[in-house]
Amino acid sequence: MNRMIKDKKWLAGMMICIVVLVYLFIGFARYSGKIGSIVKELQGQPASGESRYHIVLIEQERYHPYWEMVEKGAAEAAEKYGIDIEFTGPVRNNMEEQLNLLEKAIAARVDAIIVQGLNEERFTPVIDKAVRRGIPVVTIDTDAPDSKRLAYVGTDNLAAGERLGRLVVETTGGTGKIGVIIGSDQAANQLQRLDGLKRIVAEHEGLEIVDVRSSNISHMEAIQQAANMLRKHPEINIMVGTSATDALGVLQAAKNRNDLTIIGFDNQKETLEAIRKGEIEATVAQQPFLMGDTAVRLLYEHFEGKPLKKKYFTEVKVLDARNVEEGESL
């Protein structure tokens, strides 16, 4: 009898141990699942297990109005297509930092990269490195045509420069001394715009480009370079800017020059306001929102296995006093 009682107690004890072990196992499994979900979220992957692509857009300059519009277009497209997108870039225009960020994106093994091809010699090898490692690259705003990039999205910068030239001709009647402020003397897109402008000017004997200086995509530098240029060449009566802040810098540097015609580039709010006031004659506006949107859409189509063209040009639009309001929606 005592033996039976002992056996029953032993069996009951075993059952209790089994129940406790099962309870602990279930708790451990739930805890492990939560940890796994957190890790996936930190890696940019949804906790549900659904695979989402992670892409990086490297901007020329964070918080610059132009790149904020690129970012807005890219963010809306990423949300539409279920893609995780990360925005990065130097706080102030710095090619070396852009290249470092490109290397970091490659090392992080992201699913795709959107980046400028600012300098063919410097950017092409790094873009090709990304592609060799299975990371597709879309160039935006500035192309690297000799690289293995998937596609280019942005302005045809040579054609945009020619449009600037024709605008100078239309505005001045084909005569005048021209000063040019370009965003960078190292960036391919700026040099292409300058080349396009020079092509048109060369067709008109009454026009002459007197001086060209770089603002390094800086408003303060644009002011200083424009002031120095006008001081050295008072005969200049037409000033042309090839990046977003250049014409505004010229405007501030030439407050006492009522005889100066200023032609700008891009559609910053301050530029549009200056056109309304008659302080800036006109501007050639790009479509940065569309660039960002298109770049992300093309990567989505690539992930879906669809073939892509090599170049997707976004149009430019001339804005002056007659249609300046249209610039707010680009």
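Source: prediction; values computed, not measured. (Residues numbered from 1 in each chain as written. Predicted model: local features only at pLDDT ≥ 70, side-chain atom pairs only at ≥ 80, totals over all residues. Heavy atoms only, no water.)

1. Side note on the nonpolar core
Here comes step 1: Grouped together as the largest cluster of nonpolar side chains are 24 residues, with contacts concentrated most on Ile55, Ile114, Val296 and Leu299.
Here comes step 2: In this structure Val296 touches Ile55, Ala74, Ala77, Ala78, Ile83, Ile85 and Ile114, once residues within four positions along its chain are discounted. (Core = buried A, V, L, I, M, F, W, Y, C linked by side-chain atoms within 4.5 Å. Buried < 20%, exposed > 50% of the residue type's maximum accessible area, 1.4 Å probe, protein only. Contact = heavy atoms within 4.5 Å.)

2. Brief notes about the packing of aromatic side chains
Here comes step 1: Counted under the stated rule, the structure contains four aromatic pairs.
Here comes step 2: Between Tyr53 and Phe303, the aromatic rings sit 3.8 Å apart at their centres with planes inclined by 15 degrees, giving stacked as the arrangement. Taken together, the residues span a long stretch of sequence, with Tyr53 in the loop between α1 (2-42) and β1 (54-58) and Phe303 in helix α10 (residues 288-303) at a distance of 250 residues.
Here comes step 3: For Tyr53, a relative accessible area of 33% translates into the label partly exposed.
Here comes step 4: Looking at Phe303, the relative accessible area reads 17%, which means it is buried.
Here comes step 5: Arranged with centres 6.1 Å apart and planes meeting at 75 degrees, the rings of Tyr152 and Phe313 form a pair that is edge-to-face. Of the two residues, Tyr152 sits in strand β5 (residues 151-154) while Phe313 sits in strand β11 (residues 311-313), which places them 161 residues apart along the sequence.
Here comes step 6: The class of Tyr152 is buried, set by a relative accessible area of 2%.
Here comes step 7: Residue placement shows Arg62 over the ring face of Tyr63; its charged tip is 4.9 Å from the ring centre.
Here comes step 8: Taking the ring centre of Tyr312 as reference, the NZ or CZ of Lys309 above it sits at 4.8 Å. (Phe/Tyr/Trp six-rings, centres within 6.5 Å; stacked < 30°, edge-to-face > 60°. Helix = DSSP H or I, 4+ residues; strand = E, 2+ residues; numbered from the N terminus. Lys NZ or Arg CZ within 6 Å of the ring centre and 35° of its normal.)

3. Details of helix α6 (residues 188-202)
The periodicity of an α-helix, 3.6 residues per turn, causes residues three or four positions apart to be oriented the same way.
Here comes step 1: The end-to-end C-alpha distance of α6, which contains 15 residues, comes to 21 Å, matching closely the 21 Å that a straight helix rising 1.5 Å per residue would cover.
Here comes step 2: Within the span of α6, buried status applies to Ala188, Asn189, Gln190, Arg193, Leu194, Gly196, Leu197, Ile200 and Val201.
Here comes step 3: Buried residues belonging to α6 abut α5 (157-172), β6 (176-182), β7 (207-214), β8 (238-241) and β9 (261-265). (Expected span 1.5 Å × (residues − 1).)

4. Focus on unusual backbone geometry
Here comes step 1: Residues other than glycine seldom take positive phi values, yet Tyr63 does so here, at roughly 70 degrees.
Here comes step 2: Under the relative-accessibility criterion, Tyr63 is labelled exposed at 57%.
Here comes step 3: You will see that Ile217, though not glycine, has its phi angle at about 55 degrees, which is positive.
Here comes step 4: Residue placement: Ile217 occurs in the loop between β7 and α7 (219-232).

5. Brief notes about helix α2 (residues 65-81)
Here comes step 1: Its 17 residues give α2 an end-to-end C-alpha distance of 25 Å, which sits within 8% of 24 Å, the value for a rise of 1.5 Å per residue.
Here comes step 2: Those residues of α2 that fall on the buried side of the exposure criterion are Tyr66, Trp67, Val70, Gly73, Ala74, Ala77 and Ala78. Each buried residue of α2 sits inside an arc of 135 degrees when the element is viewed along its axis, so together they form one side. More than 90 degrees from the buried face of α2, the exposed residues found are Glu79 and Lys80.
Here comes step 3: As for α2, its buried residues are in contact with β1, β2 (84-88), β4 (137-140) and α10.
Here comes step 4: After α2 finishes, the residue Gly82 shows a positive phi value of roughly 70 degrees. (Arc of directions from axis to C-beta.)

6. Considerations on the sheet that holds β4
Here comes step 1: What the six strands build is an open sheet, ordered β2-β1-β3-β4-β5-β11; its pairing is parallel. Strand pairing shows two members of the sheet lacking a second neighbour, β2 and β11, which therefore form its edges. With direction set aside, neighbouring strand axes in the sheet form an average angle of 20 degrees.
Here comes step 2: With three bridges joining them, β5 and β11 adopt parallel strand pairing. Bridging from a neighbouring strand, Tyr152 pairs with Lys311 of β11. (Pairing = 2+ DSSP bridges. Axes fitted to C-alpha atoms, helices over the stretch in contact; angles between N-to-C directions.)

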